[in-house]
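Listed here are the chains, written in short residue letters.
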Amino acid sequence: MIANLVALAAEEEQSPLIPPGPELLIGTLAFAIVFFFFAKKLLPRINKTLEERRELIEGGIEKAESAQTEAQSVLEQYKAQLAEARHEAARLRQEAQEQGATLIAEMRAEGQRQREEIIAAGHSQIEADRKAAAQALRQDVGQLATTLAGKLVGESLEDHARQSRTIDRFLDDLEEKAEAAR
């Protein structure tokens, strides 16, 4: 029978695109065996591996998204803390400026008070020195006037009580005339 088929095949001219029947049958059977083997054994393993990779990739993406969300929340917390720290620093700076202004005002007031005390002490010292100088001048003028009057009169005018009253009266008259002239 095979010899018949081979002879029949040799007698007929075959088309180059269509294979001979037995080859077609053997090729179809071989393809079916390979397809069955791939479909039953190899394809489930490939699908399983592809599914595992897909799950890994999706899990990685989910992890990356959750990490990004967490990083974003941490960034927002950091920004909030930074803004709060800046606000606190500004508040502290304002308080320091206010305290500095208060201290400066207090120091100025204290300096002004000390200056006034020094000026008042200076005025009282000047007044005391003026009174002492006036008293010393009064005594010196009285002494000179008494000596001069004694020389003019020709007798000694050494009675201190009388001399002092006369001098005081004379100087008081001079002061009244000076004040009236003003």
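Calculation rules
- Chains are numbered independently. Their residues run from 1 in the order of the written sequence.
- The predicted origin of the model limits local features to residues at a pLDDT of at least 70 and limits the giving and counting of side-chain atom pairs to 80 or more, whereas totals for whole chains, interfaces and linings rest on all residues.
- The basis for every side-chain value is the complete set of heavy atoms in the structure, and neither hydrogens nor water enter the calculation.
- Only runs of H or I of at least four residues qualify as helices and only runs of E of at least two qualify as strands under DSSP, and these elements are numbered from the N terminus.
- The buried label applies to any residue whose accessible area, calculated with a 1.4 Å probe on protein chains only, is under 20% of its type's maximum; exposed applies above 50%, and partly exposed to all values in between.
- Surface accessibility in these figures is a Shrake-Rupley result with a 1.4 Å probe; residues are shielded only by whichever protein chains are displayed.
- Only Phe, Tyr and Trp rings take part, Trp by its six-membered ring, and two of them pair if their centres are within 6.5 Å. Stacked means planes under 30 degrees apart, edge-to-face means over 60, and tilted covers everything else.
- Between Lys or Arg on one side and Asp or Glu on the other, a salt bridge is scored when a side-chain nitrogen of the former is within 4 Å of a carboxyl oxygen of the latter.
- pLDDT: the predictor's confidence for each residue, scored from 0 to 100.
- For patches, a residue must show more than 30% relative accessible area and have no salt bridge; joins then use 9 Å for like charges and 5 Å for nonpolar side chains, namely Val, Leu, Ile, Met, Phe, Trp and Tyr.

### Overview of the overall build of the chain
Moving on, step 1. Each helix and strand counted, the chain has 3 helices and 0 strands in total.
Moving on, step 2. Along the chain, helices and strands appear, N-terminal first, in the series α-α-α.
Moving on, step 3. Across the 182 residues in the chain, those meeting the buried criterion constitute 3%.
Moving on, step 4. For the chain, the computed accessible surface area is about 16,300 Å², with 62% contributed by carbon and sulfur atoms.

### Remarks on the packing of aromatic side chains
Moving on, step 1. Within the structure shown, the criterion is met by 2 aromatic pairs.
Moving on, step 2. Ring geometry for Phe-31 versus Phe-35: centroids 6.1 Å apart, planes at 20°, classification stacked. Taken as a pair, Phe-31 and Phe-35 lie in helix H2 (residues 21–153) at a separation of 4 residues, close to a single helical turn.
Moving on, step 3. Owing to a relative accessible area of 58%, Phe-31 belongs among the exposed residues under this scheme.

### Describing the pattern of salt bridges
Moving on, step 1. Enumeration according to the criterion identifies 8 salt bridges in this entry.
Moving on, step 2. Two residues, Arg-91 and Glu-88, come together in a salt bridge whose shortest N-O distance is 2.2 Å. Remark: Glu-88 and Arg-91 occur in helix H2; sequence separation between them is 3 residues, near one turn of the helix.
Moving on, step 3. Residue Arg-91 is classed as partly exposed on the basis of its relative accessible area of 35%.
Moving on, step 4. In this structure Glu-88 comes out as partly exposed when scored by relative accessible area, which is 34%.
Moving on, step 5. Between Arg-130 and Glu-127 there is a salt bridge; the shortest N-O distance is 2.6 Å. Remark: Glu-127 and Arg-130 occur in helix H2; sequence separation between them is 3 residues, near one turn of the helix.
Moving on, step 6. Residue classification places Arg-130 among the partly exposed residues on the basis of a relative accessible area of 48%.
Moving on, step 7. The class for Glu-127 is partly exposed, based on a relative accessible area of 32%.

### Quick look at the confidence of the model for the chain
Moving on, step 1. Averaged over all residues, the pLDDT of the chain equals 83, while 84% of them reach at least 70.
Moving on, step 2. The weakest mean pLDDT in the chain belongs to helix H1 (residues 2–11) at 57; the strongest belongs to H2 at 88.

### Some points on a nonpolar patch on the surface
Moving on, step 1. Taken together, the side chains of Val-34, Phe-37, Phe-38, Leu-42, Leu-43, Ile-46 and Leu-50 define a hydrophobic patch exposed on the protein surface, amounting to about 610 Å² of accessible area.
Moving on, step 2. Tracing the backbone shows Phe-38 in helix H2.

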